[in-house]
Amino acid sequence: MLKIIIFVSLFVANTFVSSEYIFKGFDDRFKPDWWQSEIIYQIYVRSFKDSNGDGVGDFNGITEKVDYFKSINVGAVWLSPIFQSPQDDFGYDVSNFKMVDPLFGTMADFDRMRDAFHERGIKVILDFVPNHTSDEHPWFLKSVDRKEPYTNYYVWKDPVDVNGTRSPPNNWLGVFNTGSAWEWNEKRQQYYFHAFQKKQPDLNYRCPMVVEEIKNIILFWLGRGVDGFRFDAVNYLYEREDLIDEGKSYKVGILDTDYDSLVHNYTLDQPETYEMVRVWRELLDDYSSSEKKTNFFMVECYSPLNNTMLYYGNKTSPGAHFPFNFLLINSINQQSDAYDVRDMIKTWMLNMPDKMWPNWVIGNHDNSRVASRMNPLLLDGMHMLQMLLPGTAITYYADELGVQDTYVRWNQTLDPAGLNVGVLRYTKFSRDPARSPFPWDDSENAGFTNGTQTWLPINPEYWRENLVQLSKFKSHLRTYRQLARLRQIPSILKGDLHLFVLSQWVLGFSRSFYDHPTFFVVINFGSEIERINIRLARPTLPEILKVKVSSINSGYVTGNLVNAEEIILRPKASMVLSTAKPNEDVITFSENH
């Protein structure tokens with residue numbers, strides 16, 4: 001599927017254009033599966049829509065808004081954890097994997113929501129938490145009491161003696177800057193390992209019964225009609241059995257108790273983890289063959305690229321359908337130029353195992369929102385990258401509106417990652433700012449709830465940056481809708497990819513497919529007006545191109561004609577240009593849509 005075909009450097013009139021043809025598309029026989037062609041939309045359930053006035057989003061609130069997803073051409077939704085939980089880490093601490101949390105509604109409410117999505121042709125994906133449970137899970141309580149078969153369901157170790165003092169078995173640290181990743185249990189007289197909060201004890205995958213329990217949970221939810229899973233924190237599944245201390249990272253500006261003070265080569269991406277991922281894929285594929293549909297499986301791992309790629313598996317022994325591609329989050333910022341972005345795209349595309357499928361992520365519940373990380377005016381360009389490069393696009397709720405981070409005061413902070421480090425450092429670690437409620441309209445509490453309180457504060461810009469208001473005029477939402485529809489045409493679904501650096505700050509790429517229109521995307525990452533001749537990059541392009549989609553700051557609208565030899569791009573502006581003649585349009589866009 002992937003081939004490095006050609007590298008060309010063109011020197012014309014002192015202008016440097018680099019072209020790299022890095023992706024060979026498909027022929028007309030290729031029929032993408034749903035997880036390849038559809039946009040996957042992450043719903044942070046607590047923050048999407050509240051139906052009962054308690055200030056927390058729920059199943060019935062989502063069901064109320066299910067038609068919204070059709071209006072933005074979303075084909076699959078991924079729900080943040082909905083399982084029964086004490087909510088110490090907002091659902092990532094599960095106390096019962098086969099029950100839904102009453103905070104979100106009943107199982108009947110879940111079933112109605114699932115059916116509402118399915119009736120509209122939208123798939124439902126669950127966020128699954130395989131690495132750990134809550135310390136309130138019955139498995140853990142029975143493991144504390146050494147009741148069989150639960151005795152070894154968790155990672156238990158004896159203490160070591162350090163100068164007459166009981167101490168943890170090694171120096172491993174918790175992700176949420178909790179200090180030691182080991183917690184003493186007085187009743188059992190042993191330490192248990194927790195990669196995250198102390199209320200999230202790690203499961204022991206070297207216990208065969210744990211493996212079977214997790215398989216049974218997966219089958220339970222497949223039996224309830226879900227279409228796939230996002231597996232959380234998969235790279236944490238195994239740790240070295242010999243408990244070797246991890247080395248110091250010597251990073252500047254962090255404390256010795258901070259997670260980043262160590263190099264985590266003994267607690268992340270262990271060889272056994274990849275085998276477990278393949279076991280899960282085999283389980284899902286077996287179930288899919290009986291149901292005659294694909295049950296999808298994506299995994300989260302903030303790992304070095306070479307380790308991340310191993311989660312794909314290979315052709316004969318596949319792993320996940322894909323691991324998340326976080327390069328647009330971790331590798332690109334406001335300092336990045338066109339070379340940086342080009343290299344980031346190449347890095348993923350050229351390192352994937354053969355015949356595997358790419359994906360593009362620009363936001364999620366663990367990171368600052370894309371409109372805050374980047375200049376807000378670059379949001380449309382970031383969506384063009386995400387939507388029009390080959391692969392699956394994954395949208396974090398409300399990013400389509402351009403919502404930015406919400407400032408959350410210390411006395412409003414709820415995220416344990418922020419609370420653990422105290423008032424002086426919480427803004428560096430808290431994930432609350434990216435989790436504020438969805439702004440539906442300009443009414444009280446942005447139409448999110450009819451109650452008086454929201455679980456996190458509403459973004460104060462809600463009076464003008466809300467769904468109703470942004471639907472009235474040219475906006476990030478309008479651009480997103482246009483891009484979402486454009487994804488359905490053959491040039492984008494199946495076409496070749498060429499990448500171009502048109503100037504230091506302007507990236508271009510084209511998507512082309514046989515006798516279909518070619519699309520050329522230009523994005524100005526810089527702070528000055530740029531004048532671009534894209535026929536230097538692709539001389540076969542016609543002199544006049546049509547604007548198909550334009551950023552809100554571009555000065556262009558859909559249908560405008562531009563001279564390909566003299567395109568003027570405002571700072572942070574972006575456009576999708578097309579070779580299509582009016583009667584060749586596959587999809588017609590309206591600025592009033």
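Residues numbered from 1 in each chain as written. Predicted model: local features only at pLDDT ≥ 70, side-chain atom pairs only at ≥ 80, totals over all residues. Heavy atoms only, no water.

**A look at the pairing of strand S25 (residues 574-578)**
Note the following rule: A simple rule labels every residue: compare its accessible area, found with a 1.4 Å probe on the protein chains alone, to the largest value its type can have, and call it buried under 20%, exposed over 50%, or partly exposed in between. The way it works is that DSSP assigns letters per residue, a run of H or I at least four long becomes a helix, a run of E at least two long becomes a strand, and they are numbered from the N terminus. Strand pairing requires that DSSP identify at least two bridges connecting the strands.
With five of its five residues buried, S25 lies for the most part within the structure. The side-chain alternation of S25 yields two buried faces, one formed by Ser 574, Val 576 and Ser 578 and the other by Met 575 and Leu 577. Of the strand pairs in this sheet, strand S20 (residues 519-524) and S25 are connected by five bridges, and their pairing is antiparallel. Bridge pairing in S25 links Val 521 to Val 576. Where strand S22 (residues 544-550) and S25 come together, four bridges link them in antiparallel fashion. When the sheet's bridge partners are listed, Val 549 is paired in S25 with Val 576.

**What about the sheet that holds strand S11 (residues 182-185)?**
Strand order in the open sheet formed by three strands is S8-S12-S11, with antiparallel pairing between adjacent strands. Every interior strand has two partners, whereas the edge strands, strand S8 (156-157) and S11, have only one. Here two bridges tie S8 to strand S12 (residues 190-193), and the two strands are oriented antiparallel to one another. By the bridge assignment for S12, Trp 156 is matched with Tyr 192.

**Re the environment of Pro 271**
Within the secondary structure, Pro 271 is located in helix H7 (residues 271-291). Given a relative accessible area of 60%, Pro 271 falls into the exposed group.

**Thoughts on the packing of aromatic side chains**
Put simply, the rule is: Any pair of Phe, Tyr and Trp rings, taking the six-membered ring for Trp, is counted once the centres come within 6.5 Å. Such a pair is stacked with planes under 30 degrees apart, edge-to-face with planes over 60 apart, and tilted for the rest. Lysine NZ or arginine CZ positioned within 6 Å of the ring centre and within 35 degrees of the ring normal marks a charge as sitting over the ring.
The tally for this structure, following the rule as stated, stands at 58 aromatic pairs. Seen from their ring centres, Phe 97 and Phe 128 are 5.5 Å apart, and the 50 degrees between their planes marks the pair as tilted. Of the two residues, Phe 97 sits in strand S6 (residues 96-100) while Phe 128 sits in strand S7 (residues 123-128), which places them 31 residues apart along the sequence. Assessed through its relative accessible area of 2%, Phe 97 is described here as buried. The ring of Trp 455 carries Arg 46 above its face, with NZ or CZ at 4.3 Å from the centroid. Across the ring face of Tyr 266, the terminal group of Arg 240 is positioned such that the distance to the ring centre comes to 4.8 Å.

**Examining the pattern of salt bridges**
Stated formally: For salt bridges, the criterion is a side-chain nitrogen of Lys or Arg within 4 Å of an Asp or Glu carboxyl oxygen.
On inspection of all chains with the given rule, the structure shows 32 salt bridges. A salt bridge links Asp 111 to Arg 224, with the nearest nitrogen and oxygen atoms 2.7 Å apart. On the criterion of sequence distance, the pair formed by Asp 111 in helix H4 (residues 107-119) and Arg 224 in the loop between helix H6 (208-223) and strand S13 (228-231) is long-range, its members being 113 residues apart. The buried category is assigned to Asp 111, whose relative accessible area is 16%. One network of salt bridges, in which partners are shared, links Asp 89, Asp 366, Asp 415, Arg 431 and Arg 435.

**Quick look at the layout of surface pockets**
Using the following cut-off: Using protein atoms alone on a 1 Å grid, points that fit a 1.4 Å probe yet trap it form a cavity, whereas open point sets bounded by protein on both sides within 12 Å along at least five of seven lines form a pocket; residues with an atom within 4 Å of a point count as lining. Grid points are joined across faces, edges and corners, and a volume is the space filled by probe spheres set on the points. Under the convention adopted here, Pro, Cys and the residues Ala, Val, Leu, Ile, Met, Phe, Trp and Tyr are nonpolar, Asp, Glu, Lys and Arg are charged, and Gly plus all remaining residues are polar.
Within this model, the largest pocket holds a volume of roughly 1,200 Å³. Residue lining of the largest pocket: 39 residues in total, with Val 175, Tyr 236, Tyr 259, Asp 260 and Tyr 302 positioned closest to the centre. Elements with a contribution of two residues or more to the lining of the largest pocket: helix H9 (327-330) and helix H14 (426-429). Looking at the lining of the largest pocket, its residues break down into 17 nonpolar, 11 polar and 11 charged. Reported here for the second largest pocket is a volume of approximately 240 Å³. Along its surface, the second largest pocket is lined by 17 residues, and Val 155, Lys 157, Asn 204, Arg 206 and Glu 241 are the ones closest to its centre.

So, to be careful, I would describe these as geometric facts and stop short of saying anything about function.
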